[in-house]
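# Geometric and topological summary
One-letter residues, chain by chain:
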Amino acid sequence: MTQRIGLISLVVDSYDDALEFFVGKLGFVLLEDTFVPEQSKRWVVVAPPGATESRLLLAQASTEVQKSRVGSQTGGRVFLFLYTDNFDRDYERYKANGVVFVREPKKETYGTVAVFKDLYGNLWDLLEPSEANQSA
């Protein structure tokens, strides 16, 4: 049996603001941006460059309950883990693009990691796995 997680839904305030952050600041690739007229919404999918498995569905909040979850889908815990093959390159590029890091880089047994906030306050790990954890 083969399974995989294809999409992770991230509730956002605005499609365009989210695209500006994920594509403009993080360098993600816009894979799809399709208007769905029967639901009056867009289907917006982005992914880190080179990603072949999981992708991020940017889902604009449409109810008050959904709006209350923007930026707090995990109650303040790190929500997503962005793996990289070059921590220093991406860390410096993100900082230059105005991405806010809330925990500075640290070498751990599992790799080099720093925590940043997306435009809504969700926490992300930027992580370059150590040699022993390359298959993670």
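Residues numbered from 1 in each chain as written. Predicted model: local features only at pLDDT ≥ 70, side-chain atom pairs only at ≥ 80, totals over all residues. Heavy atoms only, no water.

Within an unreviewed UniProt entry, the label attached to the protein reads Catechol 2,3-dioxygenase-like lactoylglutathione lyase family enzyme, and the organism entered is Povalibacter uvarum.

### Brief notes about the overall build of the protein
To keep things clear, this is the line we draw: Each helix is a run of H or I in the DSSP string that is no shorter than four residues. Each strand is a run of E no shorter than two, and both are numbered from the N terminus. Relative accessible area decides the class of each residue, using a 1.4 Å probe on protein chains only: under 20% of the type maximum gives buried, over 50% gives exposed, and in between gives partly exposed. Contact between two residues is taken to exist if any of their heavy atoms lie within 4.5 Å; hydrogens are not considered. For every accessible area listed, the method is Shrake-Rupley and the probe measures 1.4 Å; residues are considered covered only by the protein chains on display. Positive charges come from Lys and Arg alone, negative charges from Asp and Glu alone, with His and the N- and C-terminal ends not counted. Each charge is placed at NZ for Lys, CZ for Arg, CG for Asp and CD for Glu.
If you tally the helices and strands in the protein, you get three helices and eight strands. Overall, the protein shows an N-to-C arrangement of helices and strands of β-α-β-β-β-α-β-α-β-β-β. Seen through its principal axes, the protein has C-alpha atoms that stretch 50 × 40 × 25 Å. Looking at the protein residue by residue over its 136 residues, the buried ones come to 36%. Here the analysis covers contacts within the protein between residues at least 6 apart in sequence; of these, 54% occur between residues at least 24 apart. Working note: accessible area of the protein is about 8,200 Å², and carbon and sulfur atoms make up 49% of it. Positive and negative side-chain charges in the protein, numbering 15 and 19 respectively, have mean positions lying 4 Å apart.

### Structural notes on the packing of aromatic side chains
In this description, a pair of aromatic rings is defined by centroid distance and the angle of the planes. Note the cut-off: In this analysis, rings of Phe, Tyr and Trp, with Trp reduced to its six-membered ring, are considered paired at centre separations within 6.5 Å, and the interplanar angle assigns stacked below 30 degrees, edge-to-face beyond 60, and tilted for intermediate values.
For the structure shown, the criterion picks out nine aromatic pairs. Pairing F28 with W124 gives two aromatic rings, centres 6.2 Å apart and planes at 70°, and the pair type is edge-to-face. Taken together, the residues F28 in the loop between helix 1 (15-25) and strand 2 (29-36) and W124 in strand 8 (residues 123-129) connect sequence positions 96 residues apart. Through a chain of ring-to-ring contacts, the aromatic side chains of F21, F22, F28, F87, Y91, Y94, F101, F116 and W124 assemble into a single cluster.

### Focus: the UniProt feature "domain: VOC" (unreviewed entry) in the protein
This is how the line gets drawn: UniProt positions are given in the numbering used here, feature names are shortened, and annotations may be inferred rather than shown by experiment.
In this numbering, the UniProt entry assigns the feature "domain: VOC" (unreviewed entry) to residues 4-129. Strand forms 44% of residues 4-129 and helix 21%; the C-alpha atoms that close the span are 20 Å apart.

### Describing helix 3 (residues 87-96)
For an α-helix, the turn length of 3.6 residues means that residues three or four places apart are oriented alike. Our working definition: Each C-beta atom gives one direction from the helix axis, and the arc is the one those directions make. Here a polar contact is taken to be a pair of N or O atoms separated by no more than 3.5 Å, where protein atoms must pair a possible hydrogen donor with a possible acceptor and residues adjacent in sequence count only if both atoms sit in side chains.
Looking at helix 3, one finds that the buried residues are F87, D90, Y91 and Y94. Looking straight down helix 3, one finds its buried side chains confined to an arc of 100°; they lie on one side. Exposed residues pointing more than 90 degrees away from the buried face of helix 3 are listed as D88 and A96. Tucked inside the fold, the buried residues of helix 3 contact helix 1, strand 5 (78-83), strand 6 (100-108), strand 7 (111-117) and strand 8. Capping of helix 3 at its N-terminal end is provided by N86; its side-chain oxygen lies 3.4 Å from the backbone amide nitrogen of D88.

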